[in-house]
Amino acid sequence: MRTALSFLYRAAEILGAVFLVLIAVLIVSQVFARLAGRMVPGADELAGYCMAASFFLMLGPALRRGAHIRVGVLVDRLHGAPRRALETLCLAFATALSGYFAWFWLRMTYDSYDFGDLGQGVLPIPLWIPQAAMAVGLIILVVALLDDLLAVIQGRQASYQNAEMQSEG
């Protein structure tokens, strides 16, 4: 199971990086096109969709690496069972809230597909396509939060705590 989850997080990272590279390609092509007196139709739209996809796909892997901003004013002062209880409560709340967002984002994506919604820009891109990338990112975040929640319940450290210790050494 750990191998499958590691593969999932790594695949999300790679896909998020691919979308970042696509943003760079779109920007550079737009610059060269303008120098030649032309333009790349829909480049701004596509770059925006790529940015959203990259951001959402990187949420889960960023959590695993300890890259999210966390305010541990209270949690960091606690030790032992009280810390684990508060950490469990925080992770349970974050998992539930993220699951709520993922569920409704999936419903919105399905509705966009069902209604045939198209982007309002130059290119009539079906909106469910960029929305689906964002939904996948939210689902991966929920999986990462659930992964950490189960680890803390079992008495192990959350992935972001391990990442913090590795970066300190």
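Residues numbered from 1 in each chain as written. Predicted model: local features only at pLDDT ≥ 70, side-chain atom pairs only at ≥ 80, totals over all residues. Heavy atoms only, no water.

**A closer look at the overall build of the protein chain**
From N to C terminus, the protein chain includes six helices and zero strands. Listing every helix and strand of the protein chain by position from the N terminus yields α-α-α-α-α-α. Its C-alpha atoms give the protein chain a radius of gyration of 19 Å, clearly above 15 Å, the size a compact globule of 169 residues would have. Dimensions along the principal axes, computed over C-alpha positions, put the protein chain at roughly 65 × 40 × 30 Å. Relative to its 169 residues, the protein chain shows a buried fraction of 36%. For the protein chain, long-range pairs separated by at least 24 residues make up 72% of all intrachain contacts whose partners lie at least 6 apart in sequence. In the form shown here, the protein chain has an accessible surface area of approximately 10600 Å², with 70% of it arising from carbon and sulfur atoms. Taken as two groups, the 12 positive and 12 negative side-chain charges of the protein chain have centres that lie 7 Å from each other. (Helix = DSSP H or I, 4+ residues; strand = E, 2+ residues; numbered from the N terminus. Rg over C-alpha atoms; globule rule 2.2 N^0.38 Å. Buried < 20%, exposed > 50% of the residue type's maximum accessible area, 1.4 Å probe, protein only. Contact = heavy atoms within 4.5 Å. Areas by Shrake-Rupley, 256 points an atom, 1.4 Å probe, with all protein chains shown as cover. Lys, Arg positive; Asp, Glu negative; His and termini not counted. Charge placed at Lys NZ, Arg CZ, Asp CG, Glu CD.)

**Description of the side chain of Asp 147**
One can find Asp 147 in helix α5 (residues 128-153). When sequence neighbours within four positions are dropped, the list of residues in contact with Asp 147 reads Arg 2, Leu 5, Tyr 9 and Arg 64.

**Observations concerning the UniProt feature "transmembrane region" (unreviewed entry) in the protein chain**
Within this numbering scheme, the UniProt entry marks residues 12-34, 46-64, 85-105 and 125-146 as carrying the feature "transmembrane region" (unreviewed entry). Summarising residues 12-34: 100% helix, 0% strand, and an end-to-end C-alpha distance of 33 Å. (UniProt positions renumbered as here; feature names shortened; annotations may be inferred.)

**With respect to the pattern of salt bridges**
Here the idea is simple: oppositely charged side chains can pair when their charged atoms come close. One pass over the full model with this rule turns up six salt bridges. The partner of Glu 13 in a salt bridge is Arg 65, with the nearest N and O atoms 2.4 Å apart. Of this pair, Glu 13 sits in helix α1 (residues 2-35) while Arg 65 sits in the loop between α3 (59-64) and α4 (80-115); the two residues are 52 residues apart in sequence, bridging distant segments of the chain. With relative accessibility at 13%, the residue Glu 13 sits in the buried group. (Salt bridge = Lys/Arg side-chain N within 4 Å of Asp/Glu carboxyl O.)

**Notes on helix α2 (residues 43-57)**
Between its terminal C-alpha atoms α2 stretches 21 Å, which fits the 21 Å expected from 15 residues at 1.5 Å a residue. Residues of α2 that are buried: Ala 43, Glu 45, Ala 47, Cys 50, Ala 52, Ala 53, Ser 54, Phe 56 and Leu 57. (Expected span 1.5 Å × (residues − 1).)

**Focus on the nonpolar core**
Soluble globular proteins tend to pack their nonpolar side chains together in the buried interior. Membership of the largest hydrophobic core comes to 20 residues, with the highest contact counts inside it found for Leu 63 and Leu 91. Broken down by element, the residue count for this core peaks at nine residues, all from α5. (Core = buried A, V, L, I, M, F, W, Y, C linked by side-chain atoms within 4.5 Å.)

**A few points about the environment of Leu 57**
Note on placement: Leu 57 falls in helix α2. By relative accessible area, which is 2% here, Leu 57 ends up buried. For the pair Leu 57 and Ala 94, spaced 37 residues apart in sequence, the C-alpha to C-alpha distance is 17 Å. The contact partners of Leu 57, leaving out residues within four places of it in the chain, are Ala 12, Leu 15, Gly 16, Phe 19, Ala 133, Val 136 and Gly 137.

**With respect to the packing of α1 against α2**
Interaxial distance between α1 and α2 falls to 8 Å at its minimum, and their mutual angle equals 160°. Classed by the angle they form, the pair α1 and α2 counts as roughly antiparallel. The hand of the α1/α2 crossing is left-handed. Across from Ala 12, Leu 15, Gly 16, Phe 19, Leu 20, Leu 22, Ile 23, Leu 26 and Gln 30 in α1, the residues of α2 making contact are Ala 43, Asp 44, Leu 46, Ala 47, Cys 50, Met 51, Ala 53, Ser 54 and Leu 57. (Axes fitted to C-alpha atoms, helices over the stretch in contact; angles between N-to-C directions. Parallel < 35°, antiparallel > 145°, perpendicular 65-115°, else oblique. Left-handed = near helix turned anticlockwise from the far one by under 90°.)

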